[in-house]
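Examining the three-dimensional arrangement
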Amino acid sequence: MYEPLYVFHLERVDISQLEKYLFWSRDWKLEDELEFFINPDFVEPAKDIDYILDYIETEEEKALFKSKCPEQPFQFILIPKGNGIWGDKRNEDDESGVYRDPESTDIIEYLGLYNGKA
């Protein structure tokens, strides 16, 4: 069984600010940076590439992830599509769902949507 899984790389986050992106608080930066409403219970930090590869279901998608992965990874974030991202901050009036893919920002690199193991 598959569960769509967004993968992000925090490539330019100052180490002193890292917790403000990884863990929910009143000044949680992840939602604002990605411009989505995100359920913090489904945000999973990951540092190990092999850990992420274990989540990705197919060999083709594993190869795609490896091709997008930075040579010197810093910190990854995994967010399931269905439960993790539930609304678009660019269109707060529309509560019918999320219809755009995440995008890379100056700080966070979007590495793609993969079929994850449920």
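What counts, and where the lines are drawn
- Residues numbered from 1 in each chain as written.
- Predicted model: local features only at pLDDT ≥ 70, side-chain atom pairs only at ≥ 80, totals over all residues.
- Heavy atoms only, no water.
- Helix = DSSP H or I, 4+ residues; strand = E, 2+ residues; numbered from the N terminus.
- Rg over C-alpha atoms; globule rule 2.2 N^0.38 Å.
- Contact = heavy atoms within 4.5 Å.
- Areas by Shrake-Rupley, 256 points an atom, 1.4 Å probe, with all protein chains shown as cover.
- Lys, Arg positive; Asp, Glu negative; His and termini not counted.
- Charge placed at Lys NZ, Arg CZ, Asp CG, Glu CD.
- Core = buried A, V, L, I, M, F, W, Y, C linked by side-chain atoms within 4.5 Å.
- Buried < 20%, exposed > 50% of the residue type's maximum accessible area, 1.4 Å probe, protein only.
- Salt bridge = Lys/Arg side-chain N within 4 Å of Asp/Glu carboxyl O.

Helix and strand content of the protein chain: 5 helices and 6 strands. Along the protein chain, helices and strands appear, N-terminal first, in the series β-α-α-β-β-α-α-β-α-β-β. At 14 Å, the protein chain has a C-alpha radius of gyration in line with the 13 Å of a compact globule built from 118 residues. On the principal axes, the C-alpha backbone points of the protein chain span a range of 40 × 35 × 20 Å. When contacts within the protein chain are restricted to residue pairs at least 6 apart in sequence, those whose partners lie at least 24 apart make up 77%. If you sum the accessible surface of the protein chain, you get close to 7,100 Å²; carbon and sulfur atoms cover 46% of it. Here the protein chain contributes 13 positive and 28 negative side-chain charges, whose respective centroids are spaced 3 Å apart.

Phe-8, Leu-10, Leu-30, Ile-38, Ile-77 and Ile-79 are the most contacted members of the largest nonpolar core, which totals 18 residues. Mapped by element, the contributors of at least two residues to this core are strand S1 (2-10), helix H1 (18-22), helix H2 (30-34), strand S2 (36-38), strand S4 (76-80) and strand S6 (108-117). When neighbours within four sequence positions are excluded, Ile-79 is seen to be in contact with Leu-5, Tyr-6, Phe-8, Leu-30, Ile-38, Phe-42, Val-43, Gly-84 and Ile-85. Among the nonpolar cores identified, the runner-up in size contains 12 residues, and Val-7, Ala-46, Ile-56 and Tyr-114 belong to it.

For the structure shown, the criterion picks out 8 salt bridges. One salt bridge connects Lys-89 with Glu-31, and the closest N-O pair in it is separated by 3.8 Å. Taken as a pair, Lys-89 in the loop between strand S5 (85-88) and S6 and Glu-31 in helix H2 lie far apart in primary sequence, 58 residues in all. Ionic pairing is found between Glu-59 and Lys-62, a salt bridge with its closest N-O pair at 3.7 Å. Note that Glu-59 and Lys-62 are positioned in helix H4 (residues 59-68) at a spacing of 3 residues, about one turn of the helix. Taking the relative accessible area as the measure of exposure, Lys-62 reaches 16% and is therefore buried. Residues participating in the shared-partner salt-bridge network are Glu-31, Asp-32 and Lys-89.

Our focus in this paragraph is unusual backbone geometry. One non-glycine residue, Glu-35, lies in the positive phi region at around 60°. Counting through the fold element by element, Glu-35 comes out in the loop between H2 and S2. Accessibility expressed as a relative area gives 32% for Glu-35, which makes it partly exposed.

Moving on: the environment of Lys-62. Placed 52 residues apart in sequence, Lys-62 and Tyr-114 show a C-alpha to C-alpha distance of 8.6 Å. Residues within four places of Lys-62 in sequence aside, it is in contact with Leu-53, Ile-56 and Glu-57.

None of this, on its own, says anything about what the molecule does.
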